[in-house]
Amino acid sequence: MRIVIVGPPGAGKGTQAAVLSDQLGVVHISTGDLFRAHVDGDTELGREVKNYLNSGALVPDEVTNAMVAQRLTDDVCRNGFILDGFPRTVAQAQALEELLRDRDCGIDTVLELDAPEDEVVARLLARGRGDDTEDVIRHRQQLYREETAPLLQFYADRLVTVPAVGSVPDVTARALDALRTRA
Ligand code: ADP
């Protein structure tokens, strides 16, 4: 199964993607995690993207797309994956369509985690990652509304939406149910 997980920062994409990848036996690919590993490892890419992450800005599409292209080896088409944090713009989604077409596959399902903004902002403030300060959080939410939410239209034919409020296992159960309706 090839899945994209979409939702505002703080909706629990990373948490759910990790559990779902375990349960479904597919790899979890998080662009946020990949970028943070580069920043922590002080690689050339890490130095290039550090300021974007710290300010909550989107890393430029060509940089992000190139990193994803490298990660999406041929076997991901056969074995399946959950993409978490990518695509985040319609241009990235178009690049992803092309990348996968070249590898002879496509996205089966786009899983939207839906949660009210007040709730996700409160969760991020409680999490307190380096980029979870109030100004940066607000900026990331705004970018989600402006840049990422249009993906829901782009993927309308493959979209399933689940409420991302309640306990982690509750949300996972809803997500698995929703994915089953698409299988
Ligand atoms: P969250 O969803 O909580 O904001 P992520 O770990 O998904 O956290 O992303 C953290 C940061 O990494 C983003 O604010 C952005 O700077 C960068 N990033 C991650 N994915 C992308 C992407 N697809 N395009 C551009 N920037 C990205």
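Residues numbered from 1 in each chain as written. Predicted model: local features only at pLDDT ≥ 70, side-chain atom pairs only at ≥ 80, totals over all residues. Heavy atoms only, no water.

A.B. asks: Explanation requested: the overall build of the protein chain in the structure shown.
C.D. replies: If you tally the helices and strands in the protein chain, you get ten helices and five strands. Here the C-alpha radius of gyration of the protein chain, 16 Å, is about what a compact globule of 183 residues would show, namely 16 Å. In terms of overall dimensions, the protein chain has C-alpha extents of about 40 × 40 × 30 Å along its principal axes. Put simply, the protein chain has 183 residues, and 45% of those count as buried. In the protein chain, 75% of the contacts between residues at least 6 apart in sequence involve partners at least 24 apart. A total of about 9000 Å² of accessible surface is found on the protein chain, and carbon and sulfur atoms cover 48% of it. (Helix = DSSP H or I, 4+ residues; strand = E, 2+ residues; numbered from the N terminus. Rg over C-alpha atoms; globule rule 2.2 N^0.38 Å. Buried < 20%, exposed > 50% of the residue type's maximum accessible area, 1.4 Å probe, protein only. Contact = heavy atoms within 4.5 Å. Areas by Shrake-Rupley, 256 points an atom, 1.4 Å probe, with all protein chains shown as cover.)

A.B. asks: Quick question: what am I supposed to make of the sheet that holds strand 4 (residues 109-114) here?
C.D. replies: Hydrogen bonds along the backbone pair up the strands of a sheet, which may run parallel or antiparallel. Taken in spatial order, the five strands make up an open sheet running 2-3-1-4-5, and their pairing is parallel. Each edge of the open sheet is held by one strand with a lone partner, namely strand 2 (27-30) and strand 5 (159-163). Neighbouring strand axes in the sheet, compared pairwise and without regard to direction, differ in orientation by 20 degrees on average. As paired elements, strand 1 (residues 2-6) and strand 3 (residues 81-84) share four bridges and run parallel to each other. Note on strand 3: the bridge partner recorded for V4 is L83. On the sheet, helix 1 (residues 13-24) packs against strand 1, strand 2, strand 3 and strand 4 and is oriented at approximately 175 degrees with respect to strand 3. Where helix 2 (residues 31-40) meets the sheet, it contacts strand 2 and strand 3, and its direction lies at approximately 65 degrees from that of strand 2. (Pairing = 2+ DSSP bridges. Axes fitted to C-alpha atoms, helices over the stretch in contact; angles between N-to-C directions.)

A.B. asks: What is the right way to read the state of the cysteines from this model?
C.D. replies: Formally, a disulfide is one covalent bond, and it connects the sulfur atom of one cysteine to the sulfur atom of another. One pass over the structure, following the stated rule, counts one disulfide. The disulfide partner of C77 is C105, and the gap between their sulfur atoms is 2.0 Å. Judged by the torsion about the S-S bond (-70 degrees), the C77/C105 disulfide is left-handed. Here C77 is found in helix 5 (residues 75-79), whereas its partner C105 is found in the loop between helix 6 (90-102) and strand 4, with 28 residues between them in sequence. Each member of the pair, C77 together with C105, is buried. (Disulfide = S-S within 2.5 Å.)

Everything listed here is a matter of geometry and, on its own, says nothing about what the molecule does.
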